[in-house]
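Residues per chain are reported as follows:
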Amino acid sequence: MGHLADADHRTDDRSGFCRSSWPGWRGRAREWALVVGALEAAKVGRGAVLLVEGRSGVGKSRLLDITTTAAAEAGLGVAQGTADELTQLIPLAPLASALGEPSRALPVAAEVNVCSHADQRLLLVEQLEKRLEKLVAEEPMLLTLDDLHWADPITLLALRSMTRNLASYPLVWMLSRTIGSGDCPRLNCLFDVLERDGATRITLGALDEEAVEDVVSDVLGGKPEPDVLALAGIVDGNPFLLVDLLEKSKSEGVFQITDGHVRMTESPPQTRTIMQERLEGLSARTRYLLQCAAILGRSFSVKDLAEMLDETTNGLLPMLEEAMSAGVIEPAADELAFRHDLLWQAVVETIPDSVRRAMHHDAGKMLLKRSGSAVPAAAHLIHSATRGDTSALLGLDRAAREVLRSSPQTAVDLATRALELSDAADPEWFGRAATAVDALTVIGRLSEAADLARSALGRAPPLHAPRLRCALAHILLLSGLPADAVSETENLLARKDLPDDLRGIAEWTMFWGLTCVNDFRKGRHRAEAVLADRERHTDAAVVGALLLLARFAMVDGRIADSYAHLCEALRITERGAAEAIQRPYTRLILSLYHRAMREFDAAEIAIRAAEEEINELGLTVLAAEPALFRSVLHLGAGRLDDAAAEAQAGSMTAEELGTHGFIRVGLSILAVIALRQGDIDAAVRHIERFRSIPAAPGMLFGSVWEKWVMAAVADAQGDPGRAVDILDPIYTDEEKRRWALLTTPLMAAWMTRAALAAANRPYARAVLDTAEYLARNNPDFPIFTTTFAHARGLFHQDPEALAAAADQPEPWARALVAEDLGVLWAAASGVDASAKAVESLDQALDGYERIGALWDVARVRARLRALGVRRRHWNQPQRPAFGWESLSDTERAVAGLIAKGMTNRQIAQRMFLSPHTVSTHLRRMFGKLGIASRTELARIVAEKCPELIESG
């Protein structure tokens, strides 16, 4: 609440863990009960997130301090961090300070590379999360972060990720912000998202009348009379202002205590002058010292203050002692700090605006003279630099480059501010624009990046223009404009003086763009030309050519050729000479190939290797894809729960990093899972949501997959005609049919069946012809022979062909073949046709039940009933929705490792998952088991399945 300096009150704070009200903390019984509940839950293994907000002076920091004391007394570990206006440019500053880690800005690049993809946000967040997970695995913890309205963008990103990933630990997060002094959309969004995820929001408002009376009694030592309460009422229940008013008035002899009652003896000071009067009571030299200190921030270094005042530390001591005695500043770890935001703001307001800007300028120049980071200086310069101030602008440039890879949003703010202050003839203008373009690209503000790149090209020096044009082509590609990207690269490649490194990047971008627009004729000619004269081209260009030819060979139905091109591309990228993105990109395409061929183990190995490279290289643009690829892999293997966990993890990664197109992919996968589990309403909701999100350009899951998802739901809703209409572009385009049947082989039979159901035999014939073409041209890949047999059996109503297709590698596809064969026998005549139908449908029922495909189970039961056969509700025990028996094999494996004391990160390494995915599995398990802690989970494992703990 308010500031009370005597020792008795501090003792009360420490002993108030189980009390709702005591001197120094009044009127917050409900809020304190929520805090105590979270701390007590942490002691038994449960975590929590508390969101504390309110106007300045209502007691947010006080609540965090009291909670910290109570947590330490209760045996919890404690970590505290605070954001600050002048540290908000330093990536992860409040979290790093709370965990005792240094700030994580990266070294300044020698040259701005606008074509680079590297983004170190993931790496920096992972380093801090690893540190925090290690701490909280050893003991329950409280982590408080105050004044998050000053937090840098990457801190907000980290909080979104870390609160979710560490939700299973006994970790209480207490996040505080001031409201009412301006909007902060990113922070508003974070608080809203955390609240939806289960966080408790604590909004501190004005003290009520009873609490105000208690505070007055605490401070003045007696029961207040009405005139005293009237005085207290002028601060509108603001605790800090109330205590400050009472203490100021008390020191001036305004109150008289008689028989335990407090009354006023003279008129009190005006409320708005209380802060100023506190300052005016100080000597002129101390007031000047405080003004200089306020420019340095809410907290400040004595060394910085001495240098700014051109004074020795010893010379500052009398003034510092006076300011501390007056209650204006206080010790704060290795620094000093203003006792409250309101005091700091009051001091700042005594400095005229023009003088304040000049003082910030001087502070920035002072900090720039030191070696090391330019970011602290930039925090001053961004407020004080003026147009044409060369040295200040160069300081902003340096700071922008410094944080470009660790906090690109901050780099955008610094670079754009420098651009605003640059003269038209400033030779550094282009470099600032290039930095801003790069940073805007990394954070996904692609239209702004493209506009600025085009503007910069009009002023670019001849030497640097090609580099920026190359960046523009890449931006256009990421923006979903591959044709424009190809046009841009073609103009670039027409230049004779283009440096070799840029030529290679441009050629890679061109091949990627041609692949996205499916222009294989032009692409094939160019790719073959590159491969025919490799010595004249960079590895990046050669890899781009190979990837395009691999895609072309796939579409052309030449699987072996495609595989050979991919393997050669991977060998080149492993030498390290190609573009960073090409190595994991190649592995992901290779995993797509293995999945299509139903080589699940090989696909998993490729995904795992790609995931490691993405994290190591800082390739945010691909960060969500490994989980999504793995999700489809699990779906093919019939592990629906695991598929859902990976799809959710991939979607959450995409949401956190701003790569929203990949959320669409995750939702399409979740729609398929919901459909198989019999929840059509959920499938429709997933589709409606993913259709509202723009697709990610160049995604390795294309529109074919999404169209099939929508068609499958339409068919399940009893409308095969609409399903065929949705897939019309695939039915009518030979290349798209080949790609669909290559990447998702089960579509051969599915599309044939849908076309026949819609009485569109020509469409069914087209699919059958494509399936036959693939089988004939790829004799070494039996999957295509199998899928062709399935489609042929449906088209010709041929039971022998369907029986030949029974050797499907996917359990769902295998059950589908059995169902189709049962339907065929059910419609046939003959003595044993009905028996054969029942036998096949029983096989289908068993297959669907094994993987939890409830929608398909219900359909097959209906077919059996039509034959006069009623089966039990299930032929084998089916997993319930809740309880230990509801857990999947993967979830049980995770639970066993939790019971052995492993951290999420250790489990991820053991099971070849991401920590995100482990966290997703834990959330699903907690919901099924009705628990909220690892401790409870370990107890259940010990009771229900102790062999999981005993196994090696």
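Residues numbered from 1 in each chain as written. Predicted model: local features only at pLDDT ≥ 70, side-chain atom pairs only at ≥ 80, totals over all residues. Heavy atoms only, no water.

Caption draft 1: Representation of the sheet that holds strand β8 (residues 261-264) in the model. The strand order across the open sheet built from 3 strands is β6-β8-β7, with neighbouring strands paired in mixed fashion. Edge strands, defined here as strands with exactly one partner in the open sheet, are β6 (223-224) and β7 (255-258). Pairing of β7 with β8, which is carried by 4 bridges, proceeds in the antiparallel orientation. Counterpart to Ile 257 in the pairing with β8 is Val 262. (Pairing = 2+ DSSP bridges. Helix = DSSP H or I, 4+ residues; strand = E, 2+ residues; numbered from the N terminus.)

Caption draft 2: Geometry of the pattern of salt bridges. Across all of its chains, the model carries 63 salt bridges by this definition. One salt bridge connects Asp 641 with Arg 924, and the closest N-O pair in it is separated by 3.4 Å. Of this pair, Asp 641 sits in helix α31 (residues 640-657) while Arg 924 sits in helix α47 (residues 915-929), and the two are 283 residues apart along the sequence. Assessed through its relative accessible area of 9%, Asp 641 is described here as buried. Between Arg 863 and Glu 819 there is a salt bridge; the shortest N-O distance is 2.9 Å. Of the two residues, Arg 863 is situated in helix α44 (residues 854-866) and Glu 819 in helix α42 (residues 811-827); the sequence distance between them amounts to 44 residues. By relative accessible area, Glu 819 is classed as buried at 2%. A network of salt bridges, in which partner residues are shared, links Glu 53, Arg 177, Asp 192, Glu 195 and Arg 201. (Salt bridge = Lys/Arg side-chain N within 4 Å of Asp/Glu carboxyl O. Buried < 20%, exposed > 50% of the residue type's maximum accessible area, 1.4 Å probe, protein only.)

Caption draft 3: Just the sheet that holds strand β11 (residues 335-338), in detail. Reading across from one edge, β9-β11-β10 is the order of the 3 strands in this open sheet, with antiparallel pairing throughout. Strands with a single pairing partner mark the edges of an open sheet, and in this sheet they are β9 (299-300) and β10 (329-332). With 2 bridges joining them, β9 and β11 adopt antiparallel strand pairing. Each bridged residue has a counterpart across the sheet, and for Phe 300 the counterpart in β11 is Leu 336. Sheet contacts for helix α14 (residues 313-325): β10 and β11; angle to β10, the most-contacted strand, approximately 105°. (Contact = heavy atoms within 4.5 Å. Axes fitted to C-alpha atoms, helices over the stretch in contact; angles between N-to-C directions.)

Caption draft 4: Looking closely at the packing of aromatic side chains. Taken as a whole and judged by the stated rule, the model has 8 aromatic pairs. Here the aromatic rings of Tyr 563 and Tyr 593 are separated by 4.8 Å at their centres, their planes lie at 20°, and the arrangement is stacked. Separated by 30 residues along the polypeptide, Tyr 563 in helix α27 (residues 559-573) and Tyr 593 in helix α28 (residues 582-596) bring together distant segments of the chain. The class for Tyr 563 is partly exposed, based on a relative accessible area of 32%. You can call Tyr 593 buried: its relative accessible area is 3%. One aromatic cluster is present, formed by Trp 508, Trp 512 and Tyr 585 through successive ring pairs. One residue, Arg 177, lies across the ring of Phe 191, its end atom 4.5 Å from the ring centre. (Phe/Tyr/Trp six-rings, centres within 6.5 Å; stacked < 30°, edge-to-face > 60°. Lys NZ or Arg CZ within 6 Å of the ring centre and 35° of its normal.)

Caption draft 5: Focus on the confidence of the model for the protein. Looking at the protein, the pLDDT average stands at 85 and 93% of residues meet or exceed 70. In this model, residues 1-15 is a region of pLDDT below 50 whose contacts with residues beyond four sequence positions or in other chains number 35 contacts. Note on residues 104-115: pLDDT under 50 across the span, and 34 contacts to partners over four residues away in sequence or across chains. (pLDDT = per-residue confidence, 0-100.)

Caption draft 6: Quick peek at the nonpolar core. In terms of nonpolar packing, the biggest core is built from 252 residues, with Leu 95, Trp 173, Leu 175, Leu 290, Leu 305, Phe 338 and Trp 750 touching the most fellow members. Filtering out sequence-adjacent residues up to four positions away, Leu 305 remains in contact with Leu 289, Cys 292, Ala 293, Leu 296, Phe 300, Leu 316 and Leu 320. Counting residues in each nonpolar core, the second largest holds 22 residues, with Leu 63, Ile 66, Ala 70 and Leu 204 among its members. (Core = buried A, V, L, I, M, F, W, Y, C linked by side-chain atoms within 4.5 Å.)

Caption draft 7: Summary view of the pairing of strand β2 (residues 77-82). Burial along β2 is one-sided: Gly 77, Ala 79 and Gly 81 are buried, and none of Val 78, Gln 80 and Thr 82, which face the opposite way, are. Inspection of the sheet shows β2 paired to strand β3 (residues 141-146) by 6 bridges, in the parallel sense. Paired with Thr 82 across the bridge in β3 is Asp 146.

Caption draft 8: Expanded view of the packing of helix α30 (residues 625-636) against helix α32 (residues 661-676). It is the contact of α30 with α32, at a shortest axis distance of 10 Å, that shows an interaxial angle of 20°. In this view, α30 runs roughly parallel relative to α32, as classed from their interaxial angle. The element α30 and its partner α32 pack so that their crossing is left-handed. Contact residues: Glu 625, Leu 628, Ser 631, Val 632 and Leu 635 in α30; Phe 662, Val 665, Gly 666, Ile 669, Val 672, Ile 673 and Arg 676 in α32. Per-class residue counts for the contact of α30 with α32 are 8 nonpolar, 2 polar and 2 charged. (Parallel < 35°, antiparallel > 145°, perpendicular 65-115°, else oblique. Left-handed = near helix turned anticlockwise from the far one by under 90°. Nonpolar A, V, L, I, M, F, W, Y, C, P; charged D, E, K, R; others polar.)

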